[in-house]
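Structural overview for review
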Amino acid sequence: MNSTLDGNQSSHPFCLLAFGFLETVDFCLLEVLIIVFLTVLIISGNIIVIFVFHCAPLLNHHTTSYFIQTMAYADLLVGVSCLVPSLSLLHYPLPVEESLICQVFGFVVSVLKSVSMTSLACISIDRYIAITKPLTYNTLVTPWRLRLCIFLIWLYSTLVFLPSFFHWGKPGYHGDVFQWCAESWHTDPYFTLFIVMMLYAPAALIVCFTYFNIFRICQQHTKEISERQARFSSQSGEAGEMQACPDKRYAMVLFRITSVFYILWLPYIIYFLLESSTGHSNRSASFLTTWLAISNSFCNCVIYSLSNSVFQRGLKRLSGAMCTSCASQTIAKDPYMVRSKGPLTGCHV
């Protein structure tokens, strides 16, 4: 449960957003609204993504679906873990000391977001191999290697942030909704540099290198196809274009996901570096940048659903299955009404 401030403000709860506290309620209203709203969106959105992947077999034909599903499970766990600060802000009694809870929560969310960041880097490598080595791709990228890679992603992410439990410093600001984390657990410039060198910098460099070369190669392919189309018959040109475009379109979907990830995480990373190097902190900035970064766990669902046509068909199939189930229950409850209206074969909107 959140501690309260001493002195004249002893009746006020600890709030990172001071303007979020109202005298009429006994908790930080704005913080609760932001966290609960994001928690609901993240959990519901990623549950839908996971179900769609199970309902649409075509999505599993891409090897990147392994990493996309890994990100979905990691983001779902982020949403579930966000229930902890939500309960704390609402003064729900927690069974463990606040110092331990906020450290564990900060560590867990840092690991989960590291899994997402590392998965994005692996996705870019996978697409790079698919475009640069199309003939040997299936022998290089096999299911068991993908499973091993996913295991190493989780292991590596855990090991990077594990030193936070050995007094190396604070791994991030996810636990700062708890007063102990905000006031007694400080960042360390050396630990921050360690995280940057082991995670942020390599992931960003890999993504920039691979997607730059992917789009450069796709541009070359498009140029070659145009030249062949002008030189030979239009049929061979159209066939080549049909082969080259799908890789580029799918790479664009993944590039959008990656771009939004880094756009939402950039303010957090900049503030993390500045606060660690200068020692000056701002509670409102840490809260807003942290939860802006966490909101990416929901944005992945939106981008993928809007950009991938196969995913959209899978979502429609899932919706149709749910509607059929609801219709079957309606028939079982009131068969006379259904007979009077005729057979119900689908979902009517």
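Residue numbers here run from 1 along each chain, matching the order of that chain's written sequence. Reporting in this predicted model follows two pLDDT cut-offs: at least 70 for local features of residues, and 80 or more for side-chain atom pairs to be given and counted; totals over whole chains, interfaces and linings ignore these cut-offs and use all residues. Here the side-chain values reflect all heavy atoms present in the structure, with hydrogen atoms and water set aside.

- Where an unreviewed UniProt entry is consulted, the protein appears under the name Probable G-protein coupled receptor 21, with the organism given as Camelus ferus.
- UniProt positions are given in the numbering used here, feature names are shortened, and annotations may be inferred rather than shown by experiment. Per UniProt, the protein has the following entry under Sequence similarities (unreviewed entry): "Belongs to the G-protein coupled receptor 1 family."
- Quoted verbatim from the Subcellular location (unreviewed entry) field of the UniProt record, the comment on the protein reads "Cell membrane".

A closer look at the overall build of the protein
- Elements are defined by DSSP. Helices are runs of H or I of four residues or more, strands are runs of E of two residues or more, and each kind is numbered from the N terminus. Scanning the protein from terminus to terminus reveals 13 helices and zero strands.
- The secondary structure elements of the protein, listed N-terminal to C-terminal, are α-α-α-α-α-α-α-α-α-α-α-α-α.
- Residues classed as buried in the protein amount to 44% of the 349 residues present.
- We call two residues contacting when some pair of their heavy atoms lies within 4.5 Å. Considering only intrachain contacts with a sequence separation of at least 6, the fraction spanning at least 24 residues in the protein is 77%.
- Summing over all exposed atoms, the protein offers an accessible surface of approximately 18,600 Å²; the carbon and sulfur share of this is 67%. Here's how the labels work: a residue is buried when its accessible area is under 20% of the maximum for its type, exposed when over 50%, partly exposed in between, all with a 1.4 Å probe on protein chains only. Each accessible area value is a Shrake-Rupley result obtained with a 1.4 Å probe; residue values ignore everything except the protein chains displayed when judging cover.

Observations regarding the nonpolar core
- Grouped together as the largest cluster of nonpolar side chains are 72 residues, with contacts concentrated most on Tyr200 and Trp291.
- Ranked by the residues each element gives to this core, the list is headed by helix H4 (residues 98–132), at 15 residues.
- In this structure, Tyr200 is in contact with Met117, Ile195, Trp265, Tyr268, Ile269 and Phe272, ignoring residues within four places of it in sequence. By nonpolar core is meant a set of buried Ala, Val, Leu, Ile, Met, Phe, Trp, Tyr and Cys residues that side-chain atoms within 4.5 Å join together.

As for the side chain of Thr192
- If you trace the backbone, Thr192 turns up in helix H8 (residues 189–231).
- In contact with Thr192, not counting residues within four places along its chain, are Thr187, Phe272, Leu273 and Ser276.

A short note on unusual backbone geometry
- One non-glycine residue, His167, adopts positive backbone phi at about 65°.
- Relative to the helices and strands, His167 resides in the loop between helix H6 (143–161) and helix H7 (179–184).
- Among the residues examined, His167 registers a relative accessible area of 79% and is labelled exposed.

Description of H4
- The end-to-end C-alpha distance of H4, which contains 35 residues, comes to 51 Å, matching closely the 51 Å that a straight helix rising 1.5 Å per residue would cover.
- Where burial is concerned, most of H4 is hidden: 28 out of the 35 residues are buried. An expected span of 1.5 Å times one less than the residue number is assigned to each helix.

Quick word on the environment of Ser157
- With respect to the element layout, Ser157 can be found in helix H6.
- We classify Ser157 as buried; its relative accessible area is 0%.
- Sequence spacing of Ser157 and Leu199 is 42 residues, and the spatial spacing of their C-alpha atoms is 8.3 Å.
- Other than its neighbours up to four places away in sequence, Ser157 contacts Val111, Ser114, Val115 and Thr118.
- Whenever a nitrogen or oxygen atom comes within 3.5 Å of another N or O atom, the pair is scored as a polar contact, on the condition that within protein one atom can donate a hydrogen and the other can accept it, and that pairs from neighbouring residues in sequence are kept only if both atoms are in side chains. A distance of 2.9 Å separates a polar atom in the side chain of Ser157 from a polar atom in the side chain of Ser114.

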